[in-house]
Amino acid sequence: MAKVTYIENNGTEHVIDVKAGLTVMEGAVKNNVPGIDADCGGACACATCHVYVDAAWEAKTGTKSAMEESMLDFAENVEPNSRLSCQIKVSDELDGLVVRLPESQH
C-alpha cells in the first residue's frame, strides 16, 4: 500500500491508499477522484489520465515510454513533469507520491 496524494486543479487534495501493483490512474478511478477520466481504461491509448508528477517524485516514477510520449501529444498544457497516470505502477517505494491534475483532460 502506498499513500498517493491527488491534487485537483482547484487545490482540493485527495489522499488515497493505493494497493501496490495498481496504477496511479486505477487508484484515482477506484476512489472516484475527479479529474482523471481514463477514457481508454489504462491502455495508454488516450491522454485523459494526464497528471503532473511532483518534482520530488519524478525520478522514482520511472521514465516515459515512447508510446506514453506519443500519447502526451494529445494532452493539453504538457509540462516536462507530465505523465499518463496509467503508466505509473504503484509500489511501496511510491508511498507519499504527489500528483497534480490539469484543469481539463479534454
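Since this is a predicted model, take the numbers as computed values, not measurements.

> How should the sheet that holds strand β2 (residues 13–18) be read in this particular structure?
Through backbone hydrogen bonds, the strands of a sheet pair up, either in parallel or in antiparallel fashion. Ordered in space as β2-β1-β5-β3-β4, the five strands form an open sheet in which the pairing is mixed. Strands at the two margins of the open sheet, each flanked by one partner only, are β2 and β4 (82–84). Along the sheet, successive strands turn relative to each other by an average axial angle of 35°, direction set aside. By the bridge criterion, six bridges tie strand β1 (residues 2–7) to β2 in an arrangement that is antiparallel. If you follow Lys 3 over to β2, its bridge partner there is Asp 17.

> What is the right way to look at the packing of aromatic side chains in this model?
In this structure the tally under the stated criterion is zero aromatic pairs. Geometry around Trp 57 places Lys 60 over its ring, the cationic atom sitting 4.8 Å from the centre.

> I tried to follow the pattern of salt bridges on my own but got confused; where do I start?
Inspection of every chain in the model, using the stated rule, returns two salt bridges. A salt bridge links Arg 83 to Glu 68; its shortest N-O distance comes to 2.7 Å. A residue pair is termed long-range when its members are at least 10 positions apart, and Arg 83 in strand β4 and Glu 68 in helix α2 (residues 66–72) qualify at 15 residues. By relative accessible area, Arg 83 is classed as buried at 5%.

> Would you take a moment to explain the side chain of Gln 105 for this structure?
Looking at the secondary structure, you find Gln 105 in the segment after β5 (97–100). Accessibility expressed as a relative area gives 9% for Gln 105, which makes it buried. Within the local environment of Gln 105, its side chain forms a polar contact with the backbone oxygen of Gly 35, the two atoms lying 2.8 Å apart. Here His 50 takes part through its backbone oxygen, which lies 3.0 Å from a polar atom of the side chain of Gln 105. With sequence-adjacent residues up to four places away left out, Gln 105 is seen in contact with Gly 35, Ile 36, Asp 37, Ala 47, Thr 48, Cys 49 and His 50.

The rules behind each value
- Residues numbered from 1 in each chain as written.
- Predicted model: local features only at pLDDT ≥ 70, side-chain atom pairs only at ≥ 80, totals over all residues.
- Heavy atoms only, no water.
- Pairing = 2+ DSSP bridges.
- Helix = DSSP H or I, 4+ residues; strand = E, 2+ residues; numbered from the N terminus.
- Axes fitted to C-alpha atoms, helices over the stretch in contact; angles between N-to-C directions.
- Phe/Tyr/Trp six-rings, centres within 6.5 Å; stacked < 30°, edge-to-face > 60°.
- Lys NZ or Arg CZ within 6 Å of the ring centre and 35° of its normal.
- Salt bridge = Lys/Arg side-chain N within 4 Å of Asp/Glu carboxyl O.
- Buried < 20%, exposed > 50% of the residue type's maximum accessible area, 1.4 Å probe, protein only.
- Polar contact = N/O pair within 3.5 Å; in protein donor to acceptor, adjacent residues only side chain to side chain.
- Contact = heavy atoms within 4.5 Å.

From the geometry alone we can't say anything about function, so treat these as descriptive.
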